[in-house]
Amino acid sequence: MKKTLLMAAFALMGTAAFAQGGTGWGIKAGLSYNKNGDLIQTVSNSAQNVVEGAEGKTGYHFGFWGKLDFPKMYIRPELVYTKTKSTYDVNSNSNDYDLSKLDLPVLIGVKIVGPLHVFAGPAFQYVLSNDLGDLQVQDVENDFSVGLNAGVGVNLGKIGLDVRYERGFSENEARFIGNNITNIEGRVDSRPSQVIFALSLKLN
C-alpha cells in the first residue's frame, strides 16, 4: 500500500512539473459546434412562423491569448476571430446562417490539481458580418454584445487543451427579407450557444 501511494505521489509530482505554468502569451485555434436562437418568419399574409432554434453546424476560431499566472489561479484574456454556422428551414428551404465575429474573453482560472484547471469569465463580442443563405440580411441589432465562457482544460508543457461552453446573455437579432421570388421577411436571433474545443501553444 505504501509503495502504491509513493508511486502515485511521484506520478502526480511529475505531471505537475510537466504542466504549463508562468505568465506568458501564445496562439490558439480550434473547432466549435454552434446553435443560434429562434428565427421568426413573416409571410405575405402577415402570419408568423417561429422556427425554434437551429440545426447546429461546425465552426472554427483562431487567435491570441495572454496569461497572468498566480500560485492558485490565473487571468487569461484572449482575442479570437470566430466563424459560426447554423441552419434554418426558411420557406421550406434550408438556409445556412453564417456569423463572423471578434471575441474578447477575459477568463479567471483556478488550478485544481497538476495540469487540470477550470475557468469562467465574460466574453465581449463584436459582430463583423452575418449571412442567411440567399436571403438579404441587415446588420445585427447590436454589433457589440456580452456573453459567458466557462470550461475546463489541461496544460502539458507548452501545449494546452480546453473545452468550453459559450452563451450570449441577451438576444441580438438580425432582420432579413426574401429575394424577388420569395416574399418573406423576419428576424433571427444571432446569440451564440456553442461548445468550443481549443488547442493552444505558448510562445513566450
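Preceding this paragraph is the structure being described.
Calculation notes
- Residues numbered from 1 in each chain as written.
- Predicted model: local features only at pLDDT ≥ 70, side-chain atom pairs only at ≥ 80, totals over all residues.
- Heavy atoms only, no water.
- Phe/Tyr/Trp six-rings, centres within 6.5 Å; stacked < 30°, edge-to-face > 60°.
- Helix = DSSP H or I, 4+ residues; strand = E, 2+ residues; numbered from the N terminus.
- Lys NZ or Arg CZ within 6 Å of the ring centre and 35° of its normal.
- Buried < 20%, exposed > 50% of the residue type's maximum accessible area, 1.4 Å probe, protein only.
- Pairing = 2+ DSSP bridges.

K.L.:
Whenever I open this one, the packing of aromatic side chains confuses me. Can you help?
P.N.:
Given two aromatic rings, their pairing is described by the distance between the two centres and the angle made by the two planes. If you walk through the whole model with that rule in mind, you get two aromatic pairs. Taking the centre distance of 5.4 Å and the plane angle of 40 degrees together, the rings of Phe62 and Tyr81 count as tilted. With Phe62 in strand 4 (residues 55-69) and Tyr81 in strand 5 (residues 73-90), this pair connects stretches of sequence that are 19 residues apart. Relative to Phe144, the ring of Phe124 lies with its centre 6.3 Å away and its plane at 15 degrees, an arrangement referred to as stacked. Residue Phe124 is located in strand 7 (residues 116-132), and its partner Phe144 is located in strand 9 (residues 144-156); the two are separated by 20 residues in the primary sequence. If you follow Lys67 out to its NZ or CZ, it ends over the ring of Tyr74, 5.0 Å from the centre. Sitting over the ring of Trp65, Arg76 keeps its end group 4.3 Å from the ring centre.

K.L.:
Sorry if this is basic, but what is going on with the pairing of strand 1 (residues 24-34) here?
P.N.:
Every other side chain in a regular strand lies on the same face of the sheet, so the side chains alternate between the two faces. Burial of strand 1 is one-sided: the residues Gly24, Gly26, Lys28, Gly30, Ser32 and Asn34 facing one way are buried, the residues Trp25, Ile27, Ala29, Leu31 and Tyr33 facing the other way are not. As paired elements, strand 1 and strand 4 share 11 bridges and run antiparallel to each other. Note that in strand 4 the partner of Gly26 across the bridge is Trp65. Pairing of strand 1 with strand 13 (residues 193-202) involves nine bridges; the strand directions are antiparallel. Bridging from a neighbouring strand, Tyr33 pairs with Val195 of strand 13.

Taken by themselves, the reported measurements are silent on function.
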